[in-house]
Amino acid sequence: MFDTLYEWFWWERIWLPVNLTWADLEDREGRVYAKASHLYVTVPYTFAFLLIRYLFERWIATPIAVSVWIKQRVHLKAEDNPILEHYYITQCRKPAQADIVGLSKKSSLSVRQVERWFRRRRSQDLPGVLKKFREASWRFVFYLLAFIGGIVALYDSMLESQYWYYILEISFYGSLLLRVAFDVKRKDFKEQIIHHLATLVLLSFSWCVNYIRIGTLVMVVHDASDVLLEFAKLSNYAKWEKTCQSLFVLFAMVFMVTRLIIFPLWLIHCTWVYPIQHYPAFFGYYFFNVMLVVLLCLHIFWAYLILCMIRKFMFGTLTRDERSDIEEEEEEESSLTEDECKDHHKLGNGLAVGEKKDKRNGFRCLSPPENNCRSKTVC
C-alpha cells in the first residue's frame with residue numbers, strides 16, 4: 001500500500017507536463033537538476049534555526065535592546081487562585097459579567113477583586129516590548145541576509161547558490177511555523193499560518209519541478225519589503241519615532257510596488273501565460289498558480305491594513321498596529337496601570353508619592369499606547 005501511495009504521489013502527470021518524465025530531469029552531460037531528495041536536509045536545518053534563534057535572541061538581541069533602553073515591563077502577578085485559574089485556562093480569558101458574579105461566589109472574593117484578578121492574569125500573557133524587539137531583530141537579520149543572498153543567486157547560474165538559498169529559506173519558514181504559537185500572537189494569526197504553509201508548499205514544489213528561477217524571484221521580491229518592515233519595528237520599539245515613520249513610509253511604498261504590482265503583473269503573469277505556450281496545462285501548473293494567488297490574496301489583506309495605518313498616520317490618529325496583539329491589549333494595559341497606580345498610591349501619602357514619580361518619568365502610570373507604525377507582510 002505504501003508503494004502504491006508513493007507511486008501515486010510522484011505520478012508524472014501531477015508534477016510534470018505530458019511531454020516530460022522524471023527521467024528527463026536526471027543529471028547528465030554536466031547539467032544538474034533539482035531533486036526532491038535535496039529538501040530532506042531542511043528538517044534538521046529547521047531545528048538548527050530554532051537553536052540559532054534562541055542563541056541570537058539571548059546573546060545578541062537582548063543586549064542590543066538593553067543598550068537602547070528597552071526593558072521588560074514587570075506586571076503585578078495575579079494571586080494564586082485555583083478556581084479562577086481553572087476558569088481562565090479552560091473557559092475564557094475575559095468572562096462575562098454574569099460569570100464574574102458566579103466566580104465571585106465560588107472564590108469568596110468580591111466582584112471587583114475577581115475583575116482585577118482577570119485583568120492581572122491577562123496582563124501576564126501579554127507580550128512585552130523586549131519580546132517583540134527580539135523577534136523583530138531575528139527576522140530583520142535573516143531577511144537582510146536572505147535578500148542579499150537572493151540577489152546573488154539570481155546572478156549566479158550555478159545551482160549550488162540557489163540550492164542553499166532554497167534550503168535556508170525553507171528551513172527558516174519551517175522554524176517560523178513551529179514557533180508561531182509561541183511568538184507574539186496578533187489578529188492575523190490565522191493568516192500567518194496560511195502564509196507559512198503556502199510559502200513552504202510553493203518553495204518545495206518549485207524546487208521539485210525545477211521552477212527555480214521563478215521561485216528565487218518570488219523570494220527576493222518578498223524579502224525586499226520584509227527587511228524594511230522589521231527595521232521599522234526595531235525603530236518603533238527603541239522609540240526612534242522619526243526613523244520609524246520614515247521607514248514605515250518607505251516600507252509601504254516598497255510593499256505596494258513589489259507585492260501588488262511586480263508580483264501579480266510580472267511574476268504571476270509569467271507563470272500563468274508563458275508555460276502553456278510550450279506545453280499543455282497540467283495539474284502542477286494550476287496548483288502552482290493557485291498557491292501564488294493565495295499569496296496575492298494575503299498581500300491584498302495586509303495592504304488594506306497598511307492603508308488603514310497610512311490614513312490614521314496622515315490624520316494623526318495612529319496609536320497602534322492595525323494587526324496588533326489581541327484587541328484588548330490597550331485596555332489591559334490601561335486597566336492594569338490604573339490598578340498599579342492605586343496600589344502605589346496606597347503606599348505613599350495620598351497622591352504625593354505617585355505624582356512625584358510620574359513627573360520624573362513622564363507620567364508612566366498613564367502608559368499611553370505605543371505609537372506602532374508597522375504591519376505584517378508575507379514570505
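The coordinates are above.
Rules and cut-offs
- Residues numbered from 1 in each chain as written.
- Predicted model: local features only at pLDDT ≥ 70, side-chain atom pairs only at ≥ 80, totals over all residues.
- Heavy atoms only, no water.
- Helix = DSSP H or I, 4+ residues; strand = E, 2+ residues; numbered from the N terminus.
- Buried < 20%, exposed > 50% of the residue type's maximum accessible area, 1.4 Å probe, protein only.
- Contact = heavy atoms within 4.5 Å.
- Areas by Shrake-Rupley, 256 points an atom, 1.4 Å probe, with all protein chains shown as cover.
- Arc of directions from axis to C-beta.
- Axes fitted to C-alpha atoms, helices over the stretch in contact; angles between N-to-C directions.
- Parallel < 35°, antiparallel > 145°, perpendicular 65-115°, else oblique.
- Left-handed = near helix turned anticlockwise from the far one by under 90°.
- Nonpolar A, V, L, I, M, F, W, Y, C, P; charged D, E, K, R; others polar.
- Salt bridge = Lys/Arg side-chain N within 4 Å of Asp/Glu carboxyl O.
- Phe/Tyr/Trp six-rings, centres within 6.5 Å; stacked < 30°, edge-to-face > 60°.
- Lys NZ or Arg CZ within 6 Å of the ring centre and 35° of its normal.

**Some thoughts on the overall build of the protein chain**
Then comes step 1: Within the protein chain one finds 14 helices and zero strands.
Then comes step 2: Taking all 379 residues of the protein chain together, the buried fraction comes to 46%.
Then comes step 3: Looking at the protein chain alone, contacts between residues at least 24 apart form 80% of all its contacts between residues at least 6 apart.
Then comes step 4: Roughly 20,500 Å² of accessible area belongs to the protein chain as shown, and the carbon and sulfur atoms make up 65% of that amount.

**With respect to helix H5 (residues 97-107)**
Then comes step 1: For H5, every residue scored as buried is listed here: Ile100, Leu103, Ser104 and Ser107. For H5, the angular spread of buried residues about the axis comes to 110°, placing them on one side. Residues of H5 that are exposed and point over 90 degrees away from its buried face: Ala98, Lys105 and Lys106.
Then comes step 2: Of the residues one or two after H5, Ser108 is the one with positive phi, at around 60°.

**Description of the packing of helix H8 (residues 159-179) against helix H10 (residues 212-237)**
Then comes step 1: At their nearest, the axes of H8 and H10 sit 11 Å apart, and the two run at 55° to each other. Accordingly, the angle class assigned to the pair H8 and H10 is oblique. For the pair H8 and H10, the sense of crossing is left-handed. Within the contact between the two elements, H8 uses Leu159, Gln162, Tyr165, Tyr166, Glu169 and Tyr173 and H10 uses Ile212, Gly215, Thr216, Met219, Val220, Asp223 and Asp226.
Then comes step 2: Residue composition of the contact of H8 with H10, by class: seven nonpolar, three polar and three charged.

**A few points about the packing of helix H7 (residues 129-155) against H8**
Then comes step 1: Relative to each other, H7 and H8 sit at 160°, their axes nearing to 9 Å. Regarding the angle of H7 to H8, the classification is roughly antiparallel. Two packed elements cross with a definite hand, and for H7 against H8 that hand is left-handed. Only Ser161, Gln162, Tyr165, Leu168, Glu169, Phe172, Tyr173, Leu176 and Arg179 of H8 make contact with H7, whose side of the interface consists of Lys131, Trp138, Arg139, Phe142, Tyr143, Ala146, Gly149, Gly150 and Ala153.
Then comes step 2: Along the lines of polarity and charge, the residues of the contact of H7 with H8 split into ten nonpolar, four polar and four charged.

**Concerning the pattern of salt bridges**
Between side chains of opposite charge, a pair can form when the charged atoms approach closely.
Then comes step 1: Following the criterion strictly, the structure yields ten salt bridges and no others.
Then comes step 2: With a shortest N-O distance of 2.8 Å, Glu57 and Arg53 are connected by a salt bridge. With a gap of four residues between them, Glu57 and Arg53 both fall in helix H3 (residues 42-67), about one helical turn apart. By the burial criterion, Glu57 is buried, and Arg53 matches it.
Then comes step 3: Through salt bridges that share partners, Lys131, Glu135, Arg139, Glu230 and Lys233 make up one connected network.

**Re the packing of aromatic side chains**
Then comes step 1: The final tally for this structure, using the stated rule, is 35 aromatic pairs.
Then comes step 2: Ring centres of Phe9 and Trp15 lie 5.5 Å apart, and the angle between their planes is 70°; on these two criteria the pair is classed as edge-to-face.
Then comes step 3: Given a relative accessible area of 42%, Phe9 falls into the partly exposed group.
Then comes step 4: By relative accessible area, Trp15 is classed as buried at 8%.
Then comes step 5: Among the aromatic side chains, those forming a connected cluster through ring pairs are Phe9, Trp10, Trp15, Trp22, Phe205, Tyr211, Phe283, Phe287 and Phe288.
Then comes step 6: Positioned over the ring face of Trp59 is Arg58, at 5.2 Å from the centre of the ring.

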